[in-house]
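Here is how the chains run, residue by residue.
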Amino acid sequence: METYTSEIMAYKENDITPAAQGLHIDRILVDVGDKVTAGQTIVTLDQTALKQQELNLATTEDNYNRMVPVHAAGGISDQQLTQMKNTLDLQREVVENLRKNSTIKSPISGVVTARNFEDGDLFASMPILHIMQTDKLKATVDVAEIYYSNVKEGMEVLFETDVYPDQTFVGTVSRITPAVNPQTRTFSVEVVVPNKFKQNDMNSKTQVIEPLRPGMSARATFVMGERESVMVPSVAVKKQIGSAERYVFVIKDGKAEYRVGQDGKHEGENIAGLYG
């Protein structure tokens, strides 16, 4: 088994901002810690501009409708009617855009983790809210390159935390980076960790809890199977200048032989690795 440190992250997260700056916030309907669902209205913006444009639209539609029979009677040209129709279509787009942006809906289900404005504030560059999906989480783990062939999508990974020392959480490998970092000789593995559990409270009532939180530190353990390796003192492993290549010198028949290799697990002052 191989264990690596990692940081737990939200499975998804979103900054909540309107499409344009300079808008006044009418009401923020949620606060930090509130649960939200995808599609739920969470912010309403000042609708003064919308109401004005809706009045303009009503006037434009009325003018166009009055000119249609006039055009049929030959009172105005085709070009004049076409121009009026284009103006009406443009006004409809303006109103539709304002309607879409007069309310903001949550793009994901999750929990509000930050609120940066109050009702009546003028929106600037900072997001109004930040939302994280926490019913499942993810962690990116950097694994030694010698185990690249051992890690597969769907394999289980065991997570332990200092916050819950007596509990083990089971995650699943969801993505494997198709390249090795030449500086660290590791590859990144994304692991999805379920975080929604049922628990009985003191009154024997069942409640749903999400014990893990984004930002927590965790130890991720991979069951790699057996692999032959050599334990060598860490001071004996050298790094080639100008590259990430590791090497050792092995005494054979009274002579020192140069062996290129790959580092594995660090155990105290020793390293388990494969060398030449």
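Note: the structure precedes this text.
Residues numbered from 1 in each chain as written. Predicted model: local features only at pLDDT ≥ 70, side-chain atom pairs only at ≥ 80, totals over all residues. Heavy atoms only, no water.

J.: Explanation requested: the overall build of the protein in the structure shown.
T.: Scanning the protein from N- to C-terminus turns up two helices and 18 strands. Within the protein, contacts between residues separated by at least 24 positions form 65% of all contacts whose residues are at least 6 apart in sequence. Accessible area for the protein stands at about 16700 Å²; split by element, carbon and sulfur atoms hold 49% of it. (Helix = DSSP H or I, 4+ residues; strand = E, 2+ residues; numbered from the N terminus. Contact = heavy atoms within 4.5 Å. Areas by Shrake-Rupley, 256 points an atom, 1.4 Å probe, with all protein chains shown as cover.)

J.: Help me out: how do you make sense of the packing of aromatic side chains in this one?
T.: One pair of aromatic rings is described through two measures. These are the centre distance and the angle between the planes. Per the stated rule, a full pass over the model turns up five aromatic pairs. Consider the rings of Tyr4 and Phe222, whose centres lie 6.2 Å apart with planes at 75 degrees: the pair is edge-to-face. Of the two residues, Tyr4 is situated in strand E1 (residues 2-16) and Phe222 in strand E13 (residues 217-222); the sequence distance between them amounts to 218 residues. Across the pair, exposure class does not vary: Tyr4 and Phe222 are buried alike. Centre to centre, the rings of Phe117 and Phe123 are 5.9 Å apart; their planes meet at 50 degrees, and the pair counts as tilted. Exposure remark for Phe117: the relative accessible area of 9% places this residue in the buried category. Put simply, the rings of Tyr164, Phe169 and Phe197 pair up and form one aromatic cluster. Positioned above the aromatic ring of Tyr11, the side-chain terminus of Lys136 is 4.2 Å from the ring centre. (Phe/Tyr/Trp six-rings, centres within 6.5 Å; stacked < 30°, edge-to-face > 60°. Buried < 20%, exposed > 50% of the residue type's maximum accessible area, 1.4 Å probe, protein only. Lys NZ or Arg CZ within 6 Å of the ring centre and 35° of its normal.)

J.: Just to check I follow, could you spell out helix H2 (residues 78-102) for this structure?
T.: Quick reminder: α-helices carry 3.6 residues per turn. Residues three or four places apart thus point the same way. Taking 1.5 Å of rise per residue, 25 residues should cover 36 Å, and H2 covers 36 Å from first to last C-alpha, within 8% of that figure. Every buried residue of H2 is listed here: Leu81, Leu88, Gln91, Val95 and Ser102. Lining the buried residues of H2 we find strand E4 (41-45), helix H1 (48-72) and strand E5 (103-105). (Expected span 1.5 Å × (residues − 1).)

J.: Can you help me understand the nonpolar core in this one?
T.: In a soluble, globular protein the nonpolar side chains are often hidden away together inside. Membership of the largest hydrophobic core comes to 26 residues, with the highest contact counts inside it found for Val143, Val151, Phe159, Val173, Val189, Val191 and Phe222. Elements represented by at least two residues in this core include exactly E1, strand E7 (129-144), strand E8 (156-160), strand E9 (169-176), strand E10 (186-194) and E13. For this core, the element with the most residues is E7, which contributes five residues. Aside from chain neighbours lying at most four places away, what touches Val191 is Leu137, Lys138, Ala139, Val141, Val157, Phe159, Gly171, Thr172, Val173, Ser174 and Phe222. Counting 16 residues, the second largest nonpolar core, distinct from the first, contains Ile16, Val30, Ile104 and Phe123. (Core = buried A, V, L, I, M, F, W, Y, C linked by side-chain atoms within 4.5 Å.)

J.: Can you walk me through the pairing of E4 in this structure?
T.: For a regular strand, the rule is simple: side chains alternate between the two faces of the sheet. Among the five residues in E4, four count as buried, and that is most of the element. Pairing between strand E2 (residues 25-28) and E4: three bridges, direction antiparallel. Its bridge partner being in E4, Arg27 is matched across the sheet by Thr44. Two elements, E4 and E5, share three bridges in a ladder whose sense is antiparallel. Bridge pairing links Thr44 to Thr103 in E5. (Pairing = 2+ DSSP bridges.)

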